[in-house]
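One letter stands for each residue in the lines below.
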Amino acid sequence: MPKGRPNSMNNYGVLLNELGMDESFITPLREKYLRPITALLYPDLGGACLDSHKAFVVKYSLHEDLDLSSHYDNAEVTLNVSLGKDFTEGNLYFGDFRQEVEHVETQGLLHRGGQIHGALPIASGERWNLIIWMRSSAIRNQLCPMCNQKPQLVEAEGFGDGFTETCEEDVPETVDLCS
């Protein structure tokens, strides 16, 4: 069975596209349920036109990955769902001041992919998380979020890193949520 690493920081987990879950589960979840929410919460990040993703499950345990240091995601918007198992400690944190958020089993957290965050060490047990990096080609085709350069598009399998050919009219407009 193929097994790529979930990302460059986690050693234990699985890419869900390798299990055939993109088209049958993750894409419908993103398009039908998550995109209406992200359209309202993240209009400036292309929340209404998140058209690709990278989805994976990561595992934290005492003798494997305990934590995850500060980083930002290769995504406009990230969904992080605690799938559980029994674990203690291991809260998520955001920003330089490490504002902690308790990650409760079966609950998800949406956040900006470019927001600095990490996971504190677990003290016992195992923690499993479903991570979905959602991407908007209308946004990232203008400026790569990782290098801040205009991207040179190349052929890729699946969703690649979310860079696709788009029409100019696909560029999202911002919405004033306060009015």
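Calculation notes
- Residues numbered from 1 in each chain as written.
- Predicted model: local features only at pLDDT ≥ 70, side-chain atom pairs only at ≥ 80, totals over all residues.
- Heavy atoms only, no water.
- Helix = DSSP H or I, 4+ residues; strand = E, 2+ residues; numbered from the N terminus.
- Contact = heavy atoms within 4.5 Å.
- Areas by Shrake-Rupley, 256 points an atom, 1.4 Å probe, with all protein chains shown as cover.
- Phe/Tyr/Trp six-rings, centres within 6.5 Å; stacked < 30°, edge-to-face > 60°.
- Buried < 20%, exposed > 50% of the residue type's maximum accessible area, 1.4 Å probe, protein only.
- Lys NZ or Arg CZ within 6 Å of the ring centre and 35° of its normal.
- Polar contact = N/O pair within 3.5 Å; in protein donor to acceptor, adjacent residues only side chain to side chain.
- 1 Å grid on protein atoms, 1.4 Å probe; cavity = no way out; pocket = protein on both sides within 12 Å on 5 of 7 lines; lining within 4 Å.
- Points joined across faces, edges and corners; volume = space filled by probe spheres on them.
- Nonpolar A, V, L, I, M, F, W, Y, C, P; charged D, E, K, R; others polar.
- Pairing = 2+ DSSP bridges.
- Axes fitted to C-alpha atoms, helices over the stretch in contact; angles between N-to-C directions.
- Expected span 1.5 Å × (residues − 1).
- Bend = angle between axes of the 7 residues up to and from the residue.

**Notes on the overall build of the protein**
Along the backbone of the protein there are two helices and ten strands. Along the protein, helices and strands appear, N-terminal first, in the series β-α-β-β-β-β-β-β-β-β-β-α. Taking all contacts inside the protein whose residues are at least 6 apart in sequence as the whole, residues at least 24 apart take part in 75%. Within the structure as shown, the protein displays about 10200 Å² of accessible surface, and the carbon and sulfur contribution to it stands at 53%.

**Details of the packing of aromatic side chains**
Within this structure, the stated rule accounts for one aromatic pair. Judged by centre distance (5.2 Å) and plane angle (90°), the rings of phenylalanine 56 and tryptophan 133 are edge-to-face. One end of the pair, phenylalanine 56, is in strand S2 (residues 52–61); the other, tryptophan 133, is in strand S10 (residues 122–135), with 77 residues separating them in the sequence. A relative accessible area of 11% places tryptophan 133 in the buried class. Against the face of tyrosine 60 rests arginine 127, its NZ or CZ located 4.5 Å from the ring centre. In this structure, arginine 127 packs its charged tip against the face of phenylalanine 87, placed 5.8 Å from the ring centre.

**Examining the environment of tyrosine 93**
Structurally, tyrosine 93 can be placed in strand S6 (residues 92–94). When its relative accessible area of 2% is taken as the criterion, tyrosine 93 is described as buried. Counting along the chain gives 23 residues from tyrosine 93 to isoleucine 116, while the straight-line C-alpha distance between them is 8.6 Å. In contact with tyrosine 93, other than residues within four places in its own chain, are Leu68, Ser69, Ser70, Arg98, Gln99, Glu100, Ile116, His117, Gly118, Ala119 and Leu120.

**A short note on the side chain of threonine 78**
With respect to the helices and strands, the residue threonine 78 is situated in strand S4 (residues 77–84). Within the structure, the side chain of threonine 78 is placed 2.7 Å from the side chain of aspartate 73, a separation counted as a polar contact. Every residue in contact with threonine 78, bar those within four places of it in the chain, is listed here: Asp73, Leu109, Leu110, His111, Gly113, Ile131, Ile132, Trp133 and Met134.

**Here's the deal with the layout of surface pockets**
If you add up the space inside the largest pocket, you get close to 330 Å³. Taken together, 26 residues make up the lining of the largest pocket; nearest its centre are Asn7, Leu68, His71, Asp73 and Trp133. Listed by contribution, the elements that provide at least two residues to the lining of the largest pocket are S2, strand S3 (68–71), S4, S6, strand S9 (117–119) and S10. The greatest single-element share of the lining of the largest pocket, amounting to four residues, is contributed by S10. Here the residues of the lining of the largest pocket sort into 13 nonpolar, eleven polar and two charged.

**Quick look at the environment of alanine 48**
With respect to the element layout, alanine 48 can be found in the loop between helix H1 (22–41) and S2. The sequence separation of alanine 48 and serine 136 amounts to 88 residues, and the corresponding C-alpha distance is 8.6 Å. Residues in contact with alanine 48, not counting those within four places in the same chain, are Arg35 and Ala39.

**Considerations on the sheet that holds S9**
Pairing in this open sheet of four strands is antiparallel, and the strands run S3-S9-S6-S7 from one edge to the other. Here the strands that pair on one side only, and so sit at the sheet edges, are S3 and strand S7 (99–101). Adjacent strand axes in the sheet meet at a mean angle of 20°, parallel and antiparallel pairs treated alike.

**Topic: H1**
An α-helical turn contains 3.6 residues, so a residue and the one three or four places further along point in the same direction. Between its first and last C-alpha, H1 extends only 24 Å over 20 residues, short of the 28 Å set by a 1.5 Å rise per residue. Largest kink in H1: about 55°, centred on leucine 34, with the proline proline 36 one to four residues after it. The set of residues buried in H1 consists of Asp22, Ile26, Thr27, Leu29, Arg30, Leu34 and Thr38.

Just geometry here; none of it tells us what the structure is for.
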